[in-house]
Amino acid sequence: MKGFAMLAPNEVGFLKKDAPVLAPGDALVRPLAVSPCTSDIHTVYEGAIGERHDMILGHEAVGVVVEVGAAVRDFRPGDRVIVPAITPDWGAERSQAGFPMHSGGMLAGWKFSNFKDGVFAEQFHVNDADANLARLPEWLKPEHAVMLCDMATTGLHGAEMAEIGFGDSVVVIGIGAVGLMALQGAARRGAGHIYAVGTRPKSVEVAKHFGANTIISYKDGSIAEQILKLTDNRGVDRVIIAGGTVDTIAEAVEMVKPGGIISNVNYFSGSDTITIPRPEWGAGMAHKQIRGGLTPGGRRRMEHLLDMIAAGRLEVAPLVTHVFHGMDHLPEALELMRNKPADLIKPVVIIAEE
Ligand code: NAD
Ligand code: ZN
């Protein structure tokens, strides 16, 4: 089968591999729609997960089941499915502890394009199919459904970890697809004033549509200084980080109030250490919590997101700004994610129209 892969650090291209082999609980899926992720860029061009060779990229896909192992109960060949980016081993100790994304080791619930071949292929392997696949409903287009696999679940996780309460002031740093979903999540949880930090015109437009009250740009100087100025030095109750650098944590510590929560879903690359400013952290006693997490995945999470869309409480369509048709456009779509033109939020590649 054909796949679009990281051939080596800084090098991508198409290659051929044997179709994956199934264990009794697994499924083989062929994609209908896929989307490249900023994480694919961190992986290929920033060495964020270390060296990988000939690893098929991609972890956001909806598709059609081709084959199932003998132990799979709920899915059959021909079923249309949503495949979450995070596909935990549900029997693992960390899953039982409530952290399925770390089943089998830290971040190891993220298997596609990390510990095994990803979804940018003619076919791909899904472990624990009954617990990791969700049915793709007729009423949702594949190019929109593919926003649930990673973008919606991750952004909402940012809002969940931040424990936003009614009236809390919130800063969302980074308004790519993940930050925009975090922003929508913050609004849904009853946030008060929402400050969005971003520059791309399309992202700014969608941020306002999802409920941002004030837009600021990190290109206009320190984010913390801007927020402190706007809040008469009081700061904000919650900060969600969905973009930025290792220095963004320090800025978040500066702008969050004592007792506040910083929730990070950004994938930091570029340095082995992250610095926390001592005075702004109350010399360690400010009750300023710093949290960070890989998104939950699995079937139930996808079904809950579907229920939110069906109930009119989650909107994903505005994220999709570019749609390509055919697997051959994967390199172009990935390049878009790397260069982030002004009109981009997320590109989707339709692999099969049916
Ligand atoms: P994106 O690149 O589209 O958005 C990030 C935004 O941050 C961009 O708009 C960029 O302009 C902005 N930004 C860059 N530097 C900044 C700075 N110094 N200060 C403030 N903002 C800055 O990416 P995305 O697809 O929305 O993903 C966001 C992050 O989430 C990425 O790092 C991605 O790898 C990560 N991610 C994490 C998970 C998870 O499970 N935790 C899942 C998916 C993606
Ligand atoms: Zn991703």
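Residues numbered from 1 in each chain as written. Chains lettered and ligands numbered in written order. Predicted model: local features only at pLDDT ≥ 70, side-chain atom pairs only at ≥ 80, totals over all residues. Heavy atoms only, no water.

Per-residue pLDDT for the protein has a mean of 97; in total, 100% of the residues score no lower than 70. For the protein, per-element mean pLDDT is lowest for helix α1 (residues 38-45), which scores 94, and highest for strand β12 (residues 236-241), which scores 99. (pLDDT = per-residue confidence, 0-100. Helix = DSSP H or I, 4+ residues; strand = E, 2+ residues; numbered from the N terminus.)

The environment of ligand 1 is made up of 23 residues, and the closest members are Thr38, Ser39, Asn266, Thr295 and Lys340. A distance of 2.7 Å separates an oxygen atom of ligand 1 from a polar side-chain atom of Asn266. Separating an oxygen atom of ligand 1 from a backbone N or O atom of Tyr267 is a distance of 3.2 Å. Isolated, ligand 1 exposes 850 Å² of accessible area, and the fraction of that covered by the protein chains is 87%. Broken down by secondary-structure element, the contributors of at least two residues to the shell around ligand 1 are α1, α5 (148-161) and α6 (177-188). Among the elements that line the shell around ligand 1, the one with the most residues is α1, at three residues. For the shell around ligand 1, the class distribution of residues is nine nonpolar, 11 polar and three charged. (Near = heavy atom within 4 Å. Polar contact = N/O pair within 3.5 Å; in protein donor to acceptor, adjacent residues only side chain to side chain. Areas by Shrake-Rupley, 256 points an atom, 1.4 Å probe, with all protein chains shown as cover. Nonpolar A, V, L, I, M, F, W, Y, C, P; charged D, E, K, R; others polar.)

The next thing to look at is the coordination of the zinc ion (ligand 2). Here the zinc ion (ligand 2) is held by the protein donor atoms Cys37 (SG), His59 (NE2) and Asp150 (OD), which lie 1.8 to 2.2 Å from it. Of note, the donors binding the zinc ion (ligand 2) are all from one chain and are spaced C-x21-H-x90-D. Pair noted here: Cys37 is in the loop between β3 (27-34) and α1 and Asp150 is in helix α5, with a separation of 113 residues, a long-range link. Accessibility expressed as a relative area gives 4% for Cys37, which makes it buried. Residue classification places Asp150 among the buried residues on the basis of a relative accessible area of 8%. (Donors = N, O, S within 2.8 Å, 3.2 Å for Na, K, Ca; no water. Buried < 20%, exposed > 50% of the residue type's maximum accessible area, 1.4 Å probe, protein only.)

Okay, unusual backbone geometry next. Look at Asn10: it is not a glycine, yet its phi comes out positive at around 65°. With respect to the element layout, Asn10 can be found in the loop between β1 (2-8) and β2 (11-16). On the basis of relative accessible area, Asn10 is assigned to the exposed category, the value being 51%.

Let us look at the sheet that holds strand β4 (residues 55-56). Strand-to-strand pairing in sheets goes through backbone hydrogen bonds, with the strands running parallel or antiparallel. Sheet architecture is open: three strands sit in the order β2-β1-β4, paired in antiparallel fashion. One side of each edge strand has no neighbouring strand; the edge strands of this open sheet are β2 and β4. Here two bridges tie β1 to β4, and the two strands are oriented antiparallel to one another. Looking at β4, one finds that Met6 is bridged to Met55. (Pairing = 2+ DSSP bridges.)

With the rule as written, the count across this model stands at zero disulfides. You can see Cys149 has no disulfide; the closest cysteine sulfur is in Cys37, sitting 11 Å from it. When its relative accessible area of 1% is taken as the criterion, Cys149 is described as buried. (Disulfide = S-S within 2.5 Å.)

Quick look at the sheet that holds strand β13 (residues 256-264) now. Taken together, the six strands give an open sheet; going across it, the order is β11-β10-β9-β12-β13-β14, and neighbouring strands pair in parallel fashion. Bordering the open sheet on either side are β11 (214-216) and β14 (289-292), each of which pairs with just one other strand. Strand-to-strand twist of the sheet, defined as the mean angle between neighbouring strand axes without regard to direction, takes the value 15°. Where strand β9 (residues 170-173) lies against β12, four bridges are found, and the strand directions are parallel. Bridge assignment links Val171 to a residue of β12, and that residue is Val239. Contacts from helix α9 (residues 248-255) reach β9, β12, β13 and β14 within the one sheet, and its direction differs from that of β13 by about 150°. (Axes fitted to C-alpha atoms, helices over the stretch in contact; angles between N-to-C directions. Contact = heavy atoms within 4.5 Å.)

Moving on, we come to the pattern of salt bridges. Enumeration according to the criterion identifies 15 salt bridges in this entry. The closest approach of N and O atoms between Arg135 and Asp79, which form a salt bridge, is 3.2 Å. Residue Arg135 is found in strand β8 (residues 134-135), and its partner Asp79 is found in the loop between β5 (61-68) and β6 (80-83); the two are separated by 56 residues along the sequence. A salt bridge links Glu163 to Arg291; its shortest N-O distance comes to 3.0 Å. Placement of the pair is Glu163 in the loop between α5 and β9 and Arg291 in strand β14, with a sequence separation of 128 residues. You can call Arg291 partly exposed: its relative accessible area is 24%. Within this structure, Asp74, Arg299 and Glu303 form a network of salt bridges that share partners. (Salt bridge = Lys/Arg side-chain N within 4 Å of Asp/Glu carboxyl O.)

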